[in-house]
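A look at the structure
Take a look at the letters that make up each chain.
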Amino acid sequence: MKKTLILSYTPRDNSNTKKMLDFFIENNQDKTEITFVDLAEEAPDLLLKENLNLYVNRNFGGVELTNEQQKVLSKNDKMMQQLLDTDFVVLASPMYNFSVPATVKAWFDAVIQAGKTFTYTETGIKGLCENTKALVLMTSGSDFGIEPYKSVNFATPFLLTSFNFLGISTEVINKFGMVQYADKSEQMIEDAKEEIKEVSNKWY
Ligand SMILES: Cc1cc2nc3c(=O)[nH]c(=O)nc-3n(C[C@H](O)[C@H](O)[C@H](O)COP(=O)(O)O)c2cc1C
């Protein structure tokens, strides 16, 4: 059975993004082996002075770390391994402040690791997760499909660029304007469900 890694950052009570993710899970839980990571309960470690230097020394400098040092990196390494071990990734998150919530960014900082999930070749950088596919489920309060906000949607370009950097082809289901068009939010979620079904049929 193919494996699916679910990354959920949906902490708000009655989260709309969670409704989309819950539908994905209901629709597919019999067809795939799911690993569920709740990024609103357990955040990856931020890259701070100690772990950043250990990571750089190990992954770029070829330094062999002691067991104690390795332990400092173990939480983020585990998240990276979950990515290496999966066939599919589903990331569910709202837009926060024109971008992704800090915890979601921290997940990318944890899993984008030189020599593990990407490498350098003579022709440039190569993602090492080329057999993996991703689906992003995102909502926002305002309509980021039109100006003045369209050009300041830093979330979608960040997510597509980051997954692409890892070699992961990605589909995006954005339901923008959940607050702006509150009266249409239920319909937007119903529309998302149809799009989720289409992606699911392709995947499984
Ligand atoms: C901390 C925070 C930051 C937000 N930033 C934005 C934003 O930059 N643009 C926007 O349109 N909506 C923003 N919103 C609104 C949410 O993106 C929107 O309500 C979303 O649908 C919430 O998803 P949820 O129902 O899954 O919690 C923000 C909400 C919060 C709580």
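Here is a short report on the structure shown in this document. Source: prediction; values computed, not measured.

You can see Thr139 is positioned in strand S6 (residues 133-139). Given a relative accessible area of 7%, Thr139 falls into the buried group. Among the polar contacts listed, one links the side chain of Thr139 to the side chain of Thr17, at a separation of 2.8 Å. Aside from chain neighbours lying at most four places away, what touches Thr139 is Asn16, Thr17, Met20, Ser93, Pro94, Met95, Lys175, Phe176 and Met178.

Here we take up the site of the ligand. Residues in close proximity to the ligand total 16 residues, the closest being Ser15, Asn16, Thr17, Met95 and Ser142. At 2.5 Å, a side-chain N or O of Ser15 approaches an oxygen atom of the ligand. Contact distances for the ligand include 2.8 Å between a nitrogen atom and a backbone N or O atom of Asn97. Protein coverage of the free-state accessible area of the ligand, which is 630 Å², stands at 76%. Looking at side-chain class alone, the shell around the ligand contains 7 nonpolar, 8 polar and 1 charged residues.

Let us look at the sheet that holds strand S3 (residues 88-94). Spatial ordering of the open sheet is given by S2-S1-S3-S6-S7, a layout of 5 strands whose pairing is parallel. At either end of the open sheet lies a strand with only one pairing partner, and these are strand S2 (33-38) and strand S7 (169-175). Recorded for the sheet is a direction-independent mean angle of 15° between the axes of neighbouring strands. The pairing of S6 with S7 spans 7 bridges and is parallel. Bridge pairing in S7 links Leu135 to Glu171. Relative to S6, helix H1 (residues 16-28) is tilted by about 145°, and along the sheet it contacts strand S1 (3-8), S2, S3, S6 and S7.

A grouping of Val56, Phe60, Tyr120 and Ile125 is seen on the molecular surface, where their side chains present a nonpolar patch of about 380 Å² in accessible area. Since its relative accessible area comes to 52%, Tyr120 is described here as exposed.

Conventions adopted
Residues numbered from 1 in each chain as written. Predicted model: local features only at pLDDT ≥ 70, side-chain atom pairs only at ≥ 80, totals over all residues. Heavy atoms only, no water. Helix = DSSP H or I, 4+ residues; strand = E, 2+ residues; numbered from the N terminus. Buried < 20%, exposed > 50% of the residue type's maximum accessible area, 1.4 Å probe, protein only. Polar contact = N/O pair within 3.5 Å; in protein donor to acceptor, adjacent residues only side chain to side chain. Contact = heavy atoms within 4.5 Å. Near = heavy atom within 4 Å. Areas by Shrake-Rupley, 256 points an atom, 1.4 Å probe, with all protein chains shown as cover. Nonpolar A, V, L, I, M, F, W, Y, C, P; charged D, E, K, R; others polar. Pairing = 2+ DSSP bridges. Axes fitted to C-alpha atoms, helices over the stretch in contact; angles between N-to-C directions. Patch = residues over 30% accessible without salt bridge, like charges linked within 9 Å, V, L, I, M, F, W, Y side chains within 5 Å. Salt bridge = Lys/Arg side-chain N within 4 Å of Asp/Glu carboxyl O.

That's the geometry; what it means functionally is another story.
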